[in-house]
Amino acid sequence: MKDTYAVKVLFVLWLLVFALFSRGHAEELGESVCLPSHWPSAVSDLQVDPDLLQGELPNGFRYVLKQNQEPKNRVAVFLFIKAGSLHEKEEQRGLAHFLEHMMFKGTENYPAGSLVEYFQSIGMSFGGDVNAHTAFDETVYNLFLPNGSEKELKNGFAVMADYARRAKLEEEQIKSERGVILAEKRARDSASYRAQVASMEFAFRGTRLAERMVIGIESTLQQADRQRLKAFYDSWYRPDNMILVVVGAMDKIMAESLIKKQFSQLSAPDAKPDCPRFGTLQHKGLEAFYHYEPELGKTNVSIETLWDQVLKNDSLQLQREDIVRLMGTLIMGYRLQRLQEENNSPFSRAAYNDGDIVNRIGYGSISAQTESGKWLESLILLDKTLRQALQYGFTEEEVKRAGKELSADLDARALTEKSEDSRKIGEKILMHLGSYRVYQSAQQQKDLYSPIVDGLSVDEINKEFRAVWSRDSRLLSVAGDAR
């Protein structure tokens, strides 16, 4: 991402509007890492985008369809599996990602090697990182079809249905792919990755997030075989744990009919897996984290607050709370940008963010990147900036500036909605589903949230900002090449 503050502002707004991190359904979810099987709009006062066609098959398989004309004739197809590394048992660490690779190594209708030819026929590159991804709480497969004809949709849905329940998981292919995954694990072992892992293990200890890096552990990867992979496959690749998202130039009624034919026949073992408990944070009070990584070539410092997140259904009130916090985030960004641009600034970049992670951990963070010899000076300046905001609050002028920026962005999104790329729309729908938020059109967002932005007071924004930092939690972090 570029270092300009304008890009940072848009990124933060994007996190709000499209809900990368979110709250879930408190009564049903509890402390588990699973999401409920009903639509977010079913338990919300927010109305879903009226252009979406949502449906569910008797076996629990769900789908979302949306017509869109950009780019012309193209159709984006995503298969969303509501499971990732957080759903792995101790002896399965790394199998969610391993399994993703195996989908391209042979299915019932696409023997090993044949998918490459199919991808080339529709103009796609081949590779796990191109055609799929595994995260902490999800696995997603994607296709980008050259048009929305019955033939292309039928072929694309057939591939997705094979991913869903028809993987062969042949021992020979597992052994072959093991080398690829171990090589990927070695390639990930960079200075920045080691620093990230060490930081997560310290800050998130007590939760599964500290113990479930997506790439897994070598001992598990070495022992992975058909039996182990199939156990995870049968547990989580279930029709009632999947959602197909299709966006592009297509006939929605025809697409729905093809989905029913292709996916209604899918089934899984009757016994459903127990949803793992996420755990609770052990971090309380004031703690310091230090990690020396000379190869990083820089030092990152931060002050953070962390807490176990209380889950809530999506609602207009929840969106309002997010907007109030976003206003504070933008204002802190303005202040840090000014400090960064000063000639004697100790840091080269700085940022402020708050939100929540994988639906379970709330956080506030003020951070900076600096030279090794300036880590203390940078940390002191961050502390001073945070304390000033907490003690004296924000000004009317700062609130007006942030409000204008948010309103302008809502207006721009509504104006350019018709020209948005189908792939990006599909990814946003996925983010909403994964975070249990209601997907709305840009016009709906403008109509709902512009009046909220215009009516916010300085006192309300200050109160919400202070609430983020009111917990018994301070984590001081220094990671990088500073001795």
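Refer to the structure printed above.
Below, the structure is looked at part by part.

Criteria and cut-off values
Residues numbered from 1 in each chain as written. Predicted model: local features only at pLDDT ≥ 70, side-chain atom pairs only at ≥ 80, totals over all residues. Heavy atoms only, no water. Helix = DSSP H or I, 4+ residues; strand = E, 2+ residues; numbered from the N terminus. Rg over C-alpha atoms; globule rule 2.2 N^0.38 Å. Buried < 20%, exposed > 50% of the residue type's maximum accessible area, 1.4 Å probe, protein only. Contact = heavy atoms within 4.5 Å. Lys, Arg positive; Asp, Glu negative; His and termini not counted. Charge placed at Lys NZ, Arg CZ, Asp CG, Glu CD. Axes fitted to C-alpha atoms, helices over the stretch in contact; angles between N-to-C directions. Parallel < 35°, antiparallel > 145°, perpendicular 65-115°, else oblique. Left-handed = near helix turned anticlockwise from the far one by under 90°. Nonpolar A, V, L, I, M, F, W, Y, C, P; charged D, E, K, R; others polar. 1 Å grid on protein atoms, 1.4 Å probe; cavity = no way out; pocket = protein on both sides within 12 Å on 5 of 7 lines; lining within 4 Å. Points joined across faces, edges and corners; volume = space filled by probe spheres on them. Disulfide = S-S within 2.5 Å. Pairing = 2+ DSSP bridges. Phe/Tyr/Trp six-rings, centres within 6.5 Å; stacked < 30°, edge-to-face > 60°. Lys NZ or Arg CZ within 6 Å of the ring centre and 35° of its normal.

**Points about the overall build of the protein chain**
Consideration 1: Looking only at helices and strands, the protein chain features 17 helices and eleven strands.
Consideration 2: Over its C-alpha atoms the protein chain spans a radius of gyration of 23 Å, differing by no more than 12% from the 23 Å that the globule rule assigns to 483 residues.
Consideration 3: C-alpha atoms of the protein chain, sized along the principal axes, occupy 65 × 50 × 40 Å.
Consideration 4: Buried positions account for 57% of the 483 residues belonging to the protein chain.
Consideration 5: For the protein chain, the proportion of contacts with a sequence separation of at least 24, taken over those separated by at least 6, is 85%.
Consideration 6: A distance of 1 Å separates the average location of the 61 positive side-chain charges in the protein chain from that of its 69 negative side-chain charges.

**Let's talk about the packing of helix α3 (residues 95–102) against helix α7 (residues 171–188)**
Consideration 1: It is at 10 Å that the axes of α3 and α7 come closest, and there the two elements cross at 125°. Our classification of the angle between α3 and α7 gives oblique. The handedness of the crossing between α3 and α7 is right-handed. Between α3, through His97, Phe98, His101 and Met102, and α7, the contact on the second element is made entirely by Gln173, Ile174, Glu177, Arg178, Val180, Ile181, Glu184 and Arg188.
Consideration 2: Residue classes in the contact of α3 with α7 are distributed as five nonpolar, three polar and four charged.

**A word on the side chain of His97**
Consideration 1: Here His97 lies in helix α3.
Consideration 2: Beyond its immediate sequence surroundings of up to four residues, His97 is in contact with Glu88, Thr134, Ile181, Glu184, Arg188, Val214 and Ile215.

**Digging into empty space enclosed by the protein**
Consideration 1: Under the criterion given, the structure shown has six cavities of 30 Å³ or more.
Consideration 2: Of the voids in this model, the second largest cavity is the one considered here, and its volume is about 80 Å³.
Consideration 3: As for the second largest cavity, its lining consists of Val33, Leu35, Lys82, Leu86, His87, Asp137, Val358, Asn359, Arg360 and Gly434.
Consideration 4: Residues belonging to the lining of the second largest cavity are distributed by class as follows: four nonpolar, three polar and three charged.

**Section: the state of the cysteines**
Consideration 1: Summed over the entire model, instances satisfying the criterion amount to one disulfide.
Consideration 2: Cys34 shares a disulfide with Cys275; S-S distance 1.8 Å. Handedness here is read from the sign of the S-S torsion; for Cys34 and Cys275, about -115°, the answer is left-handed. Residue Cys34 is found in the loop between α2 (26–29) and β1 (53–56), and its partner Cys275 is found in the loop between α11 (252–263) and β7 (285–292); the two are separated by 241 residues along the sequence.
Consideration 3: The exposure class of Cys275 is partly exposed, given its relative accessible area of 31%.

**Some remarks on unusual backbone geometry**
Consideration 1: The linkage connecting Glu70 with the following residue, Pro71, adopts the cis geometry, with an omega of -10°.
Consideration 2: The topology assignment puts Pro71 in the loop between β2 (62–67) and β3 (75–81).
Consideration 3: Of note in the backbone geometry, Asn73 takes a positive phi value of approximately 70° without being a glycine.
Consideration 4: Looking at where Asn73 falls in the secondary structure, it is placed in the loop between β2 and β3.
Consideration 5: Although it is not a glycine, Asn359 sits at a positive phi angle of roughly 70°.
Consideration 6: Position of Asn359 relative to the elements: it lies in the loop between β9 (347–357) and β10 (361–370).

**Overview of the sheet that holds strand β6 (residues 242–248)**
Consideration 1: Sheet architecture is open: six strands sit in the order β1-β2-β6-β3-β5-β4, paired in mixed fashion. The open sheet has two edge strands, β1 and β4 (132–134), and neither has a second partner. Sheet twist, expressed as the average angle between the axes of neighbouring strands with direction ignored, equals 15°.
Consideration 2: Strand direction decides the pairing type here: β3 and strand β5 (residues 139–145), joined by seven bridges, are antiparallel. Each residue of the ladder has a partner; that of Val77, found in β5, is Leu143.
Consideration 3: Here α3 sits on the sheet in contact with β4 and β5, set at roughly 170° to β4.

**Some thoughts on the packing of α3 against helix α10 (residues 226–236)**
Axes are the key here: two packed helices are described by the angle between their axes and the distance separating the axes.
Consideration 1: Interhelical geometry of α3 versus α10 gives an angle of 95° and a closest axis separation of 10 Å. Accordingly, the angle class assigned to the pair α3 and α10 is roughly perpendicular. Between α3 and α10, the contacting residues are Leu95, Ala96, Phe98, Leu99 and Met102 on the first element and Arg228, Leu229, Phe232 and Tyr233 on the second.
Consideration 2: Looking at the contact of α3 with α10 residue by residue, the classes come out as eight nonpolar, no polar and one charged.

**Some thoughts on the packing of aromatic side chains**
Think of a pair of aromatic rings as described by two things: how far the centres are apart, and how the planes are tilted against each other in angle.
Consideration 1: With the rule as written, the count across this model stands at 15 aromatic pairs.
Consideration 2: Relative to Phe263, the ring of Phe61 has its centre 4.5 Å away and its plane inclined at 10°; by these criteria the two rings are stacked. Here Phe61 is found in the loop between β1 and β2, whereas its partner Phe263 is found in helix α11, with 202 residues between them in sequence. For the pair Phe61 and Phe263, a shared accessibility class is recorded, and that class is buried.
Consideration 3: Judged by centre distance (6.3 Å) and plane angle (50°), the rings of Tyr110 and Tyr118 are tilted. Comparing Tyr110 with Tyr118 shows no difference in burial state: the two are buried.
Consideration 4: These aromatic residues form a ring-pair network of at least three members: Phe104, Tyr110, Tyr118, Phe119, Tyr141, Tyr163, Tyr233 and Tyr237.
Consideration 5: Residue placement shows Arg205 over the ring face of Phe202; its charged tip is 4.7 Å from the ring centre.
Consideration 6: Across from the ring centre of Trp307, 3.7 Å away, lies the NZ or CZ of Arg471, which sits over that ring.

**Regarding the side chain of Arg165**
Consideration 1: As for its placement among the helices and strands, Arg165 is situated in helix α6 (residues 150–165).
Consideration 2: Apart from residues lying up to four places away in sequence, Arg165 is in contact with Tyr233, Asp234, Tyr237, Leu266, Ser267, Ala268 and Pro269.

None of the figures reported here should be taken as evidence of function without further support.
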